[in-house]
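Listed below, chain by chain, are the residues.
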Amino acid sequence: MRAFSKRRNGAEKATDNDGQKGGHGSDQSDDSETTEVDELQSQRTIFANQPLPSYALDEDGSPAQSFSRNKIRTAKYTPLIFIPKNLWLQFHNVANVYFLFVTILSIFPIFGASNPALGSVPLIVILLITAIKDAIEDYRRTVLDNELNNTLVHLLIGWENGNVTDDHISLWRRIKKATSRGLRYLVKQYKKQKQKDRKGKGRQDGENDLERTQTRASIYTINSISESIQMTPVGSPNSNKRFSYVDGVPTEVSDRPRHLEVPGSEQHVKLKPPSAFRGSVLDPHRQTPGTARFKKDYWKNVRVGDFVRIYNDEEIPADIIILSTSDADGACYVETKNLDGETNLKVRHALHCGRGVRHARDCEAAVFSVHSELPHANLYRYNGVVKWIERDPKAPEKEGTPMEEAVTINNLLLRGCTLRNTEWIIGVVAFTGDETKIMMNAGITPSKRSRITRELNWNVIINFMILLVMCLVSGIIQGLTWAKGNESLNYFEFGSIAGSPPIDGIVTFWTALILFQNLVPISLYISIEIVKLAQAYFIYSDVLMYYDKIDYPCTPKSWNISDDLGQIEYIFSDKTGTLTQNVMEFKKCTINGIPYGEAYTEAQAGMDKRAGIDVETEGAKARAQIAKDRVTMLRELREINDNPYLDDDILTFVAPDFVADLRGASGEDQAKANSNFMLALALCHTVLPEKLSDEPLRIEFKSQSPDEAALVATARDCGFTLLERTSRGIRLSIQGREVEFEVLNTLEFNSSRKRMSAVIRMPDGKIVLFCKGADSIIYSRLAPGQQAELRAQTAEHLEVFAREGLRTLCIAQKELTEEEYRAWNREHEHAASAVHNREEKLEVVADAMERDLILLGGTAIEDRLQDGVPDTIALLAEAGIKLWVLTGDKVETAINIGFSCNLLNNSMDLILVKVEDDSSDNAAKQLDEYLQIFGLNGTPEELEHARKDHNPPTPTHALVIDGEALKLFLEAELRMKFLLLCKQCKAVLCCRVSPSQKAAVVQMVKKGLDVMTLSIGDGANDVAMIQEADVGVGIAGEEGRAAVMSSDYAIGQFRFLSRLVLVHGRWSYRRLAEMVANFFYKNIVWTVALFWYQLYNSFDGSYLFEYTYILLYNLAFTSLPIILMGILDQDVSDKVSLAVPQLYRRGILRQEWTQVKFWIYMIDGVYQSVMCFYMTYFLFADGDPATQDGLDLAGREQMGVYVACSAIVVVNAYIMINQYRWDWLFALILVISILLIWIWTLIFSAFRSTNDFHTTALHVYGALSFWAGTFLTVVVCLLPRFASKVVQKLFFPLDVDIVREQVRMGKFDYLDASNNATITPSSHTSTEEEVKPPQVHEYLQEDERPIYPPSVAPTSTTAGKRGSGNGSDGTDGSGYQGTGTFTPHRFSMDRGRTSFDRTRPSMDGRPRHSIDRVRMSMDRARPSFEQTNDFTTAAMLARIECSHTYPKRMSQMSQVQYHE
């Protein structure tokens, strides 16, 4: 048991106060105390081993601060409140309230209900089924909650945490705890009894775990210093030692080295000793009882101020400030996949002042306070400060020195993260429970209801209004009849029930409400739930949407919106990881003005296709040359050094000329440049190496970005291998020689800096800053007046790389003197220790250092498209679905991907929208110019017309906009016009947009056009738009599961989206729409037939049907066929649905469920109710039917059997007519449903207790008139519907009717022969021409799969603002700021292209370099590129000069992102 918090005794308080006075001073004024109280309210203060000061206590002496419990509850219910709360929530449904009211009315005999108990059965069944479903769902949540809350963590016990108290526990909480303990006891007793019955079986594993009391010996304090536990520092991040805990003692079971070693290494340069002591929270003179120890306890018992120890691979239970780690440098590594969706490891650091806290006794000796900001949801920001009194260990009588250290997000472990590659950490809890960042970000996922369900409420209200009218008519006529007097009823009735005509009318009104209750379909809602549950199961079970690579099926998260999948008109997609694989491959680079690397990208194939080149032939040649060059490069690399970490199979950077130049083929200067470039890649990063195997030696790189891992992996392949991050730096293997580099500072990447830097002390003592980042950012920081030619050459290479669809970065460096570094480092440490505005101060200091850089070169990384993306997009487009791409990437990359994936083509005019300043007036002016292209003015009338037009726009224009312009266009006054402009464009690409902007775009389209939207993404930055859309789809990809957890459907690959939407979505929508219409129809037939009977009994509310018929009509007689229709009906197969995607357009137009259809079915139901009643009525009125024995059949009970049986046969047959798929299962269910009423009548009428209904079945079934009347009634009722179906299919066929006929004719037989359900359809399959088998693209391996040739170049007639190219500074490089089709002077293309034309020794005799091939493609397409001005990177970068007024320049630069 853990020790609970207690208030200290007086002597202990006095002792602690004396110690505190020694550190902080004994004199405190009232003003200072008031200030401390104000600070307590505006921040969180945590005291460790200190008594709470007076301002932190309330009037009772208890802590004034209250903190959230660490126990998390996501379940709605507890065992104590389940029944009342569930009933309360269920009766929020108006239909349930209505039927409860009807059930209560039926209790009173005055209203004529014959069996009130039986009448309550339908409501009870509905409530019971719903309650069971809710209980199962909530039980699963409760199990997960308990599993999480009862997770074990090593918690410090035997000491007193004064920040919290257990004195105040509410009575209600005590009752709940007692109830929970009681239930647990009963469950435990049940399990014990069950175990006794199982002979020969031991206890369950779960109980053994719960009853275990052993803990690791390493978590206890040993009093003797000589016996203190040795916490083995593990090499970070790769702990190569393995320990087995035997009797609590860690025993090494592997003698592998703690770091990677290079076989045959020649030199190992040692580092300097650690830096100076920065203080410690340990009080060397504090007397401790020595009772504290770490013991396993539950997460739910963790409280603010507790000390915890986390071990490797354990999850973090709360937000914890790191005091110390097993790493000598205080580093630890966490995986934040559960928090932000990123799978890459992140580095976190212990406080310098807490690194002496290694054992439980140290926690007792640590005296400090944490002054923290209040909890907030920002995952990437935290500010706090630790304050303590530094005491001299050798002079206990001296007063200590007050010290403090800043706490940042890098010192905080967040709940939900997992500790990786670190043996242990010790920390103090800062936030618990609902105040942790993960819980504050876990806002409730929006409750989504499908469109049909929302519209259904109006139809239920209509039925309710009809019901009220029928009841009102019944009440009025009944009252008037009694008031009239001198009628036959005056002679046959012994007075009215109520005694007076007005009261009679009122009573009859409520009686009719009970009689006609089935008009409001109570069972409709539960039937819809059953159908949607089955549809979700079918989606989950579809093996053709199963992604075997990660063992992931299509998983419905929200199973109540499957019909919305059949009405999607707009899809909003992320790019990286969604359309692309998010697996980065280093393809090319430029070093010292020389381009290296061979690749044939999809964007390059598009340029070749546009130039009239056979891309298949050209691609085959290029791939053959690349394969040949790969062999050459690997051989030459082995000749330089037999690199044991080089894996031939995963080499992505193919450049034999690079290896030749590295060996000096192009001179010593180029060799040094190549070597220094790779050294920069190997040093400037935050990557963590992890050894995968010893034989062969293989390393895996863990990084916060896949781009970084690709850069470091390429450096490894070229002989610059990252071996280990040591306590002070990085250890590399450089061509077989081990060298250690001291990392002095790391200036990490963020979205505003768009760069990262590392300050490295080289082995020779020099200090060098390496910097990598976006091209515009690096170019703006280069030393002015230097490297003019190199900058121009590199800029041109980067432009070519971008045209190939590659992600580009620039690499630069700067040498520092010792004095420069020391002066800057003082400023950096001062900024890092700031409590307020720390991030801003650090950015200013970093900005001062990252200037006057020397350019080394640039890199180009490819993020390939996922398999099947082009085909899927083309398929969705043929279905009439519009796809927009919302990405954080830069414009040129997004455009190239757009062409690669068939979203754009060379027949489109690109409208490139970019606003040069933040002026709304200029944005409005541009918007008006763009609208004039389409002859629009942006009026509300035009937008209203656009809302009604669901046809795909003509494929003549595509719009590309960046985040800065989008911010202006999303303002209220411009949003309508911008939406109208986007509506006219075939494709829309929004580049460099934030997560909130993604959600705003989705909301604009969803509400502005009143359309159904779907968002799809794979990362945490896509969560906002996934939740905003009507349907959110998450991809379980490389960026974790954040998008999956927030989505409605989760899939493994983008290509599965076509099947999810075009097959399952269309089926679900059509099935549910038909089922709902038939449901209203069948209730009208039944209820209105009762109404016709009231015409002949003065509306006295008497029952035509036996009361059990009314109760069983929706529960048994007609429920199964209509539910089966909603689950299994199918117009065409899945393969035909994909082969003819145009069938989906009825869903976009919402033609399957309309109000017109609702009224047609209602009118049809009224007609059939007339036929069902009056066919029997006229038979009885004129025919005087009798049994074979001469008994009269003209009784109410007998007539009710005639009408009821006819109505039920008609309704079930009607459902059969409206169903497309007839099979043995449906036929069986249909026959059973029809036979059920005859069987029930036969059985029920056999009991004498049924009074007048007794033997009715024998008499009715023996009469020929019953069978003949039933047959004729069915024919007369169904004839109009059958005739209308025939006329419609013969003279007004729908698309699906023609396709079904073609299926019968065998025109789609090739689909079954291909055995491929992901076939790409023919682009123009129409109803008039013969269907031809489409071309089938099989999914092949990466190197073998076909290149989907895109069209990259815009056309020469591109409209839009011409001063808005891809220049990262917001200009086109020409200085032109106007509009129109001005063609700027592109001097970057007019130079002699010396970088391309000069001959290099390493290139002699080799085939044409790939960059020359790209340049020739650019030359062929030059007019369109010049006129569109889409790619101005080279021109822009060549003009940028370093400016020390960087913040001003930043406002002019476009927001080029380093990472998406």
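Here's what I pulled together on the structure shown here. (Residues numbered from 1 in each chain as written. Predicted model: local features only at pLDDT ≥ 70, side-chain atom pairs only at ≥ 80, totals over all residues. Heavy atoms only, no water.)

A word on the pattern of salt bridges
Link 1 in the chain: Summed over all chains, the structure comprises 46 salt bridges.
Link 2 in the chain: Taking the shortest distance from any N to any O, the salt bridge between R1221 and D1223 comes out at 3.3 Å.
Link 3 in the chain: Within this structure, R451, E455, D1010 and R1150 form a network of salt bridges that share partners. (Salt bridge = Lys/Arg side-chain N within 4 Å of Asp/Glu carboxyl O.)

Section: the packing of helix 30 (residues 972-983) against helix 31 (residues 995-1008)
Link 1 in the chain: Running from N to C, helix 30 and helix 31 cross one another at 80°; their axes reach a closest spacing of 11 Å. Taken together, the axes of helix 30 and helix 31 lie roughly perpendicular to each other. Listed contacts from helix 31 to R975, F978 and L979 of helix 30 are M1004, V1005 and G1008.
Link 2 in the chain: Looking at side-chain class alone, the contact of helix 30 with helix 31 contains four nonpolar, one polar and one charged residues. (Axes fitted to C-alpha atoms, helices over the stretch in contact; angles between N-to-C directions. Helix = DSSP H or I, 4+ residues; strand = E, 2+ residues; numbered from the N terminus. Parallel < 35°, antiparallel > 145°, perpendicular 65-115°, else oblique. Contact = heavy atoms within 4.5 Å. Nonpolar A, V, L, I, M, F, W, Y, C, P; charged D, E, K, R; others polar.)

With respect to helix 30
Link 1 in the chain: If you check helix 30, its first and last C-alpha atoms are 17 Å apart, about what twelve residues at 1.5 Å a residue would give, namely 16 Å.
Link 2 in the chain: Every buried residue belonging to helix 30 is among L974, F978, L979, L980, L981, C982 and K983, and all of these are buried. (Expected span 1.5 Å × (residues − 1). Buried < 20%, exposed > 50% of the residue type's maximum accessible area, 1.4 Å probe, protein only.)

Notes on the nonpolar core
Link 1 in the chain: Membership of the largest hydrophobic core comes to 103 residues, with the highest contact counts inside it found for F516, V1076, F1080, W1086, F1105, Y1109 and W1153.
Link 2 in the chain: The contact partners of F516, leaving out residues within four places of it in the chain, are L467, M470, C471, S474, T1087, L1090, F1091 and Q1094.
Link 3 in the chain: Listed in part, the 55 residues of the second largest apolar core include F586, Y596, V687 and A713. (Core = buried A, V, L, I, M, F, W, Y, C linked by side-chain atoms within 4.5 Å.)

Concerning the sheet that holds strand 13 (residues 412-413)
The strands making up a sheet are joined through hydrogen bonds of the backbone, oriented either antiparallel or parallel.
Link 1 in the chain: Across the sheet, six strands lie side by side as 5-2-6-15-7-13; this open sheet has antiparallel pairing. The open sheet has two edge strands, strand 5 (293-298) and strand 13, and neither has a second partner.
Link 2 in the chain: Note: strand 2 (residues 152-157) against strand 5, six bridges, orientation antiparallel. Counterpart to L156 in the pairing with strand 5 is F294. (Pairing = 2+ DSSP bridges.)

Some words on unusual backbone geometry
Link 1 in the chain: The phi dihedral of N421 is positive, around 50°, even though this residue is not glycine.
Link 2 in the chain: Checked against the element boundaries, N421 lands in the loop between strand 14 (418-420) and strand 15 (424-431).
Link 3 in the chain: Judged by its relative accessible area of 14%, N421 is buried.
Link 4 in the chain: If you check the backbone angles, Q735 has positive phi at about 50° while not being a glycine.
Link 5 in the chain: Considering the arrangement of structural elements, one finds Q735 in the loop between strand 23 (729-734) and strand 24 (737-747).
Link 6 in the chain: Looking at Q735, the relative accessible area reads 24%, which means it is partly exposed.

Topic: the pairing of strand 25 (residues 755-761)
Every other side chain in a regular strand lies on the same face of the sheet, so the side chains alternate between the two faces.
Link 1 in the chain: In terms of residue burial, strand 25 counts as a mostly covered element, since seven of its seven residues are buried.
Link 2 in the chain: Of the two faces of strand 25, the one lined by R755, S757, V759 and R761 and the one lined by M756, A758 and I760 are each fully buried.
Link 3 in the chain: The sheet contact formed by strand 25 and strand 26 (residues 767-773) spans seven bridges and is antiparallel. Of the residues in strand 26, the one forming a bridge with M756 is K772.
Link 4 in the chain: Counting the residues that bridge the hairpin from strand 25 to strand 26 gives five residues, and of these G765 lies at a positive phi of roughly 95°.

What to know about the environment of R420
Link 1 in the chain: Mapped onto the fold, R420 is located in strand 14.
Link 2 in the chain: When the C-alpha atoms of R420 and L345 are compared, they prove to be 7.8 Å apart, with 75 residues separating the residues in sequence.
Link 3 in the chain: With residues up to four places along the chain from it excluded, the contact list for R420 reads N312, D313, Y333, V334, E335 and L345.
Link 4 in the chain: At 2.9 Å, the side chain of R420 forms a polar contact with the side chain of D313. (Polar contact = N/O pair within 3.5 Å; in protein donor to acceptor, adjacent residues only side chain to side chain.)

With respect to the sheet that holds strand 1 (residues 43-48)
Link 1 in the chain: Across the sheet, four strands lie side by side as 1-10-11-12; this open sheet has antiparallel pairing. The sheet is open, and its two borders are formed by strand 1 and strand 12 (401-407), each paired with just one other strand. Neighbour-to-neighbour, the strand axes of the sheet open up by a mean angle of 20°, direction not taken into account.
Link 2 in the chain: Both strand 11 (residues 384-390) and strand 12 contribute to a ladder of seven bridges, which runs antiparallel. What sits directly across from V385, in strand 12, is A406.

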